[in-house]
Every structure is written in structure tokens, then in C-alpha cells.
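Residue-level structural notes
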Amino acid sequence: DPIAETSPAATGAGAAEGSITVYSGRSEELVGPLLEMFTDETGIEVEARYGDTAEMANLILTEGENTPADVFFAQDAGALGAVADEGLLATLPDELVGTVDERFASPDGEWVGVSGRARVVAYNTDVLSEEDLPDSIFGFTDPAWRGRIGWAPTNGSFQSFVTALRVIEGEERAREWLEGIQANEPRVYEGNNPALDAVIAGEVDVAFINHYYLMQRLEEEPDAPAANLYLTDGDPGALVNVAGVGILTTSDNAEPAQVFVEYLLSTEAQEYFATETKEYPLIEGVEPDPNLPPLEEIGTPEIDLSDLSDLEGTLELLQEVGIL
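Please read all numbers here as calculations on a predicted model, not as lab measurements. (Residues numbered from 1 in each chain as written. Predicted model: local features only at pLDDT ≥ 70, side-chain atom pairs only at ≥ 80, totals over all residues. Heavy atoms only, no water.)

1. Section: the nonpolar core
Quick note on the threshold: What makes a nonpolar core is a set of buried Ala, Val, Leu, Ile, Met, Phe, Trp, Tyr and Cys residues whose side-chain atoms join them at distances within 4.5 Å. Buried, partly exposed and exposed residues are distinguished by accessible area as a fraction of the type maximum, computed with a 1.4 Å probe on protein chains only: under 20%, between the cut-offs, and over 50%, respectively. The numbering of helices and of strands both runs from the N terminus, where a helix is a DSSP run of H or I of at least 4 residues and a strand a run of E of at least 2. Any two residues whose heavy atoms approach within 4.5 Å at even a single point are treated as in contact.
Residues F72, F73, F140, W177, L178 and F260 are the most contacted members of the largest nonpolar core, which totals 108 residues. Tallying contributions element by element places strand β4 (residues 112-124) first for this core, with seven residues. Non-local contacts of F260, meaning those with residues more than four positions away in its chain, are made with I20, V22, L35, F38, V71, F73 and V245.

2. As for unusual backbone geometry
Although it is not a glycine, E185 adopts a positive phi angle of roughly 50 degrees. Although it is not a glycine, D233 adopts a positive phi angle of roughly 55 degrees. Looking at the element boundaries, D233 is found in the loop between β8 (226-229) and β9 (240-247).

3. Observations concerning the environment of Q75
Its location among the elements puts Q75 in the loop between β3 (71-74) and α5 (77-85). Assessed through its relative accessible area of 12%, Q75 is described here as buried. Counting along the chain gives 198 residues from Q75 to F273, while the straight-line C-alpha distance between them is 13 Å. Excluding residues within four positions of it along the chain, Q75 makes contact with G25, R26, T53, R117, G156, S157, V242 and A243.

4. Structural notes on the pairing of strand β1 (residues 19-24)
Here is the rule we go by: Following DSSP output, two strands are said to pair if at least two bridges run between them. For a crossover, the right-handed case is the one in which the path from the first strand over the helix to the second runs clockwise, viewed with the strands pointing away from the viewer.
Along β1, five of the six residues are buried, which leaves the element largely enclosed by surrounding structure. When β1 meets strand β2 (residues 45-50), the two strands line up parallel, connected through six bridges. Opposite V22, over in β2, you have A48 as the bridge partner. In this fold, β1 hands off to helix α3 (residues 28-42), which returns the chain to β2; that crossover is right-handed. In the sheet, β1 pairs with β3 via three bridges, with the strands oriented parallel. By the bridge assignment for β3, S24 is matched with F73.

5. Some remarks on the pairing of β8
In β8, alternate side chains face the same way, and those of A226 and N228 on one face and A227 and L229 on the other are all buried. Bridge analysis of β4 against β8 gives four bridges, and the strand direction is antiparallel. What sits directly across from A122, in β8, is N228.

This is the structure in C-alpha cells:
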């Protein structure tokens, strides 16, 4: 069993050798400390290259077999799917992929999720209560929401959500939703945090973001007038995407790369995601932030996250509708 031999737990901290190059679509601010923890634990050096997830996926696809990357650490499953579609991700051992619920890993074992990120509607609690909000993401196309919505169309997580919408509801229904929101004159923000700022400031009443931005904010500002709406009943707005990792087929450092993947699924790393980034841990035995609804209570849509790989189709649609 090569896993047992290479795992830091089995060999003792610092016994593993080598170095790996990680292309990270997650920011240094979020995961830099975690990569340092990994090196301290295993002795394996990490050279990290940070950028936008889609940008990093495109870089790997452009470099192809010449990529120096050993590991792709993406902020969403779609980017991993796009790289896997080109045959560039190696098959991970079953016992590694099996540490998370099957909906959070590639059916072919080419990538595994390491933390969960729920799509939510953040709303201003001075203006709205949960009863005032639609029970479906489609409800926000109602003209009553004109001028009251914030979104970040250039954000990777938002684009993954639109891809999910296309997969679940079909191209036309996704187009209708985008046109309906666009008709409501949403305010456009650079990312999730500025959109959340706008909700808290009362600039907009609601914004479509990921759940953990508000959780992180409430640690700093417990009285911020905002809450997250978690949609249910398989609504596309209840998508739970994952940040995940895959090992490149071209890697000469497959063994230390696998130790890295194992580390991200260790109790220590999963607790980091739960406490530091406020994401959902994906292994059994590590609890999420107590202020979050349990993952099983979020009525996520039935979707294979690998099917979120058609980012190009989503960008084309967003351009056609005039959003990008």
C-alpha cells in the first residue's frame, strides 16, 4: 500500500522528501499559511504560483505536457474538470478519493474536493427578513428586485454557478435567468467581498456570493446587518461547489504530490478550513463552524461537479447577454 508508506502520518513528520510546484487558484491570503503548515509537517518544500482559478487552468492547458505544475489546487470543480477533460490529471488512489462524499470528488478519481463552498444570497437584515426573500434563485428576476441586487459576474464562483444553471436547467432557462437579473439593473462588483460590503452598507439589499465571506466578516464585525439565505429543494441557487486538487499526469514528483493531497484531507488541514476560511470540511469527524447549517441540510441540486467544466460556454453566454 504505497499510500501508507508515503503518508506523513505513517513516516513521521519531516521524513518525506522532495519539493512540489502547486498552481493555486486560491489566494495566498487564504491558503499560504496552510502550505507552510504542510512543509513544517512533512519537510516537503512547496513552490506556489497564485492566480485566478480559470487563469491557472488555462495556463496548465496552454503549457500542456511541459507544465512545471505538480498539483492544481482550484477554487472550483469546473476548472479541475476542464483540466481532467484534456487528460492532464492522474487518477488518485480510491482510498484517498473515498475520504469524501462521492458528490465532492471526480467519478473517475481525477480530482478530490478538500473544502465545500455553498452559494448563498446575502441580505441586509435591517431591510429584509428571511420571509421577504424568494425560495428560488429564479424569484430574483421579479421586477420588485430592480436596483436591489449586487453580483460579481467576473468571479469564478459566480461563473461556476451559471455553468451549473446551464447543466441543471438547460441553456435557455439559464439565459432567461441572466436576462431577468440584468433587466433588474444589478450593481456590479469586482468580487464577493465588495458585493458583501454593499449589502452591509445598504447600497443593495441582496448579493449572490459564497457563504464564508459573511462568516469571516461576522468574526470581525459581529453586528454587521447581514445574513445568508441558503436555498433548498435542489434549487440551482443551493449549489455546493468544492475547492479541490488534482495531480498532473506530467509530474515527476507524484509521490510528494500525493502526500500533499493526503495532507489536505487530514484532520489538521480540514480543521484549518473549518476555522480559518469558514468553509465546509469534507471529511468525517471534523465539524464545520457551528453557525453554519450542516451540509446535509442544504438541499443541493443533483449534479456531477465534473460537469461544470464548460467555462467557455458560460463566458460566451455572459457575453451574449451583455453581462461581460
